[in-house]
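Structural characterization, general
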Amino acid sequence: MKRIMVTGGLGQIGSELVPYLRDRYGRENVIVADIRVPENLEEIEPFVKLDVRDEEAIIRVIKENDIDFIYHLAAILSARGEQNPQLAFDVNIRGLYAMLEAGRKTGVERIMVPSSIAAFGPETPKDNTPNDTILKPRTMYGISKVTGELLGLYYWEKYGLDVRGVRYPGIISWKAPPGGGTTDYAVEIFYYALRGEKYTCFLREDATLPMMYMPDAIKAITQLAEAPSENLVHRTDFNVQAMSFSPGELVEEIRKYVDFEVEYRPDYRQKIADSWPRSLDDSAARREWGWKPDYDLPTMVRDMIENLRRKLGV
Ligand code: NAD
Ligand code: SER
């Protein structure tokens, strides 16, 4: 039986990954670790308060809980990272290094470390972006993601610590709010639409980006986690494509269910979006571990609207 720790487990992805893993492996075998203590602690337990920059504390938690499998989700995302690049460096790079060292020293079997489309940069081909291409990001978040991909590969080849990761696009979900990324508009906008409020979008109407619905995000990371090692040519840097759309196209789809007003007022996040691809070639993920998404734009919007109507009571 696996003993799993999910760092950053209270965040957007962790909030849905943890229940999925607990259904599968048993509640007591999946420990949530986060720097924040949740208000609903009893619902979240087993929980440990952990700062991933503290290697000694990570080692202690791993040993005390017999952890052999880690989903390392603790991070500062792109927009928040540009507001505070020093913090992004500290958590995303120093924190990852502490995690890898703790994993190496304690003999952990596997660490899943999500990368991002932020690993790409302005020189990367924008459409059907190849898996293996130019990586020259200009955000601290993107720099931390490229560093993570390379460090993960290094620890695998040098120490046999099995580090794996997908390059997530923008993740859309209704259970927990996103944590400060450039793609957050694609979640926020649903709340405004369903409350009948005007939404001011911080990206341009035509700013197309790759996106993914949460059930596919959970499927991607767990499927890669379980893929036979011998099938993997890549390891820490898989492109995964699900859908691509612009704010304008998302608004058009949401308006099939509810009418609302939108204004476009791009801010500093537009520059970040401009440096990212519009769509990804994910043939390596398809070939090496059978990646295939279930949701496209219409099915994602229908599911978001249904669930948020129930959640918000509107
Ligand atoms: P999030 O911002 O929603 O959650 C991150 C969590 O990490 C938060 O609960 C926060 O409290 C915690 N955290 C922050 N600093 C910490 C520290 N020092 N020690 C311990 N915990 C700390 O992020 P998410 O959206 O759930 O993202 C998870 C992973 O997926 C990250 O690596 C992120 O870069 C990656 N990713 C996410 C998206 C997306 O759209 N959500 C897209 C691409 C990649
Ligand atoms: N959704 C993420 C962000 O915008 C991409 O990594 O930061």
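Above: the structure in question.
Presented here is an overview of the structure given in this document. (Residues numbered from 1 in each chain as written. Chains lettered and ligands numbered in written order. Predicted model: local features only at pLDDT ≥ 70, side-chain atom pairs only at ≥ 80, totals over all residues. Heavy atoms only, no water.)

**So, the sheet that holds strand β5 (residues 110-112)**
Put simply, the rule is: By this definition, two strands are paired if DSSP reports at least two bridges between them. Labels follow the DSSP assignment, with helices taken as runs of H or I lasting at least four residues and strands as runs of E lasting at least two, numbered in each case from the N terminus. Under this scheme, a helix contributes an axis fitted over its contacting stretch, all axes are lines through C-alpha atoms, and angles between N-to-C directions fall in the 0 to 180 degree range. Contacts were defined at the residue level, with two residues in contact if any of their heavy atoms lie within 4.5 Å.
Reading across the sheet, the six strands line up as β3-β2-β1-β4-β5-β7 and stay open at both edges, with parallel pairing between neighbours. Two strands bound the open sheet, and with one partner strand each, they are β3 (47-49) and β7 (162-164). The mean inter-strand angle of the sheet, taken between neighbouring strand axes irrespective of direction, is 20°. Of the strands in this sheet, β1 (4-7), β2 (30-34) and β4 (69-72) are in contact with helix α1 (residues 14-25), which crosses β2 at around 160°.

**A look at the site of ligand 1**
Selection criterion: Here a residue is considered near a molecule or strand provided that any single heavy atom belonging to it is located within 4 Å of it. The definition of a polar contact used here is a pair of N or O atoms within 3.5 Å, where within protein one atom must be able to donate a hydrogen and the other to accept one, and adjacent residues in sequence count solely through side-chain atom pairs. Every accessible area reported is derived by Shrake-Rupley at a probe size of 1.4 Å, with residue values counting cover from the shown protein chains alone. Each residue receives one of three labels: charged for Asp, Glu, Lys and Arg, nonpolar for Ala, Val, Leu, Ile, Met, Phe, Trp, Tyr, Cys and Pro, and polar for the others, Gly being one of them.
Close contacts around ligand 1 come from 28 residues, with Q12, I13, D34, R36 and Y141 the closest. Between an oxygen atom of ligand 1 and a side-chain N or O atom of K145, the distance comes to 2.9 Å. A distance of 2.9 Å separates an oxygen atom of ligand 1 from a polar atom in the backbone of I171. Coverage of ligand 1 by the protein amounts to 94% of the 830 Å² it exposes when considered alone. Broken down by class, the residue content of the shell around ligand 1 amounts to 15 nonpolar, eight polar and five charged.

**Section: the site of ligand 2**
In the vicinity of ligand 2, the residues found are L77, S78, S116, Y141, G170, G181, T182, T183 and W276. Between Y141 and ligand 2, the recorded distance is 2.8 Å, taken from a side-chain N or O atom to an oxygen atom. At 2.7 Å from a nitrogen atom of ligand 2 is found a side-chain nitrogen or oxygen belonging to T183. Tallied by class, the residues present in the shell around ligand 2 amount to three nonpolar, six polar and no charged.

**Remarks on the pairing of β4**
Stated precisely, the cut-off is as follows: Exposed residues in this analysis have more than 50% of their type's maximum accessible area, buried residues have under 20%, and partly exposed residues fall in between, with area computed by a 1.4 Å probe over protein chains only.
Burial of the side chains of β4 extends over both faces: F69 and Y71 are buried on one face and I70 and H72 on the other. Where β1 lies against β4, four bridges are found, and the strand directions are parallel. If you follow T7 over to β4, its bridge partner there is H72. Here β4 runs beside β5; their pairing, made up of three bridges, is parallel. For F69, the partnering residue across the bridge sits in β5 and is R110.

**Considering the side chain of K145**
Going by this rule: None of His or the chain ends enter the tally, which takes Lys and Arg as positive and Asp and Glu as negative. Salt-bridge detection follows one rule: a side-chain nitrogen of Lys or Arg within 4 Å of a carboxyl oxygen of Asp or Glu.
With respect to the helices, strands and loops of the structure, K145 is situated in helix α6 (residues 140-159). Among buried Asp, Glu, Lys and Arg side chains, K145 stands out as unpaired, with E149 the closest opposite charge at 8.5 Å. Among residues more than four places away in sequence, those in contact with K145 are P114, S115, S116 and A119.

**Topic: the pairing of β1**
Formally: Consider the strands pointing away from the viewer: the crossover is right-handed when the path from the first strand over the helix to the second runs clockwise.
Of the two faces of β1, the one carrying I4 and V6 and the one carrying M5 and T7 are both buried. With α1 bridging β1 and its parallel neighbour β2, the resulting β-α-β unit is right-handed.

**Things to note about the packing of aromatic side chains**
Filter applied, for reference: Stacked, tilted and edge-to-face are the three classes applied to pairs of Phe, Tyr and Trp rings, where Trp contributes its six-membered ring and a pair requires centres within 6.5 Å; stacked means planes under 30 degrees apart, edge-to-face means over 60, and tilted covers the rest. When the NZ atom of lysine or the CZ atom of arginine is within 6 Å of a ring's centre and also within 35 degrees of its normal, the charge is said to sit over that ring.
Tallied over the full model, the rule gives eight aromatic pairs. With 5.2 Å between their ring centres and 50° between their planes, Y155 and Y159 make a pair best called tilted. Placement of the pair is Y155 and Y159 together in helix α6, with a separation of four residues, close to one helical turn. Judged by its relative accessible area of 4%, Y155 is buried. With 5.7 Å between their ring centres and 85° between their planes, F238 and W289 make a pair best called edge-to-face. In this pair, F238 is assigned in strand β12 (residues 238-239) and W289 in helix α11 (residues 283-289), connecting sequence segments 51 residues apart. Its relative accessible area of 0% is what places F238 among the buried residues. Over the face of the ring belonging to Y159 we find R104, whose NZ or CZ atom lies 5.0 Å from the ring centre. Taking NZ or CZ as reference, R195 lies 5.8 Å from the ring centre of Y192, over its face.

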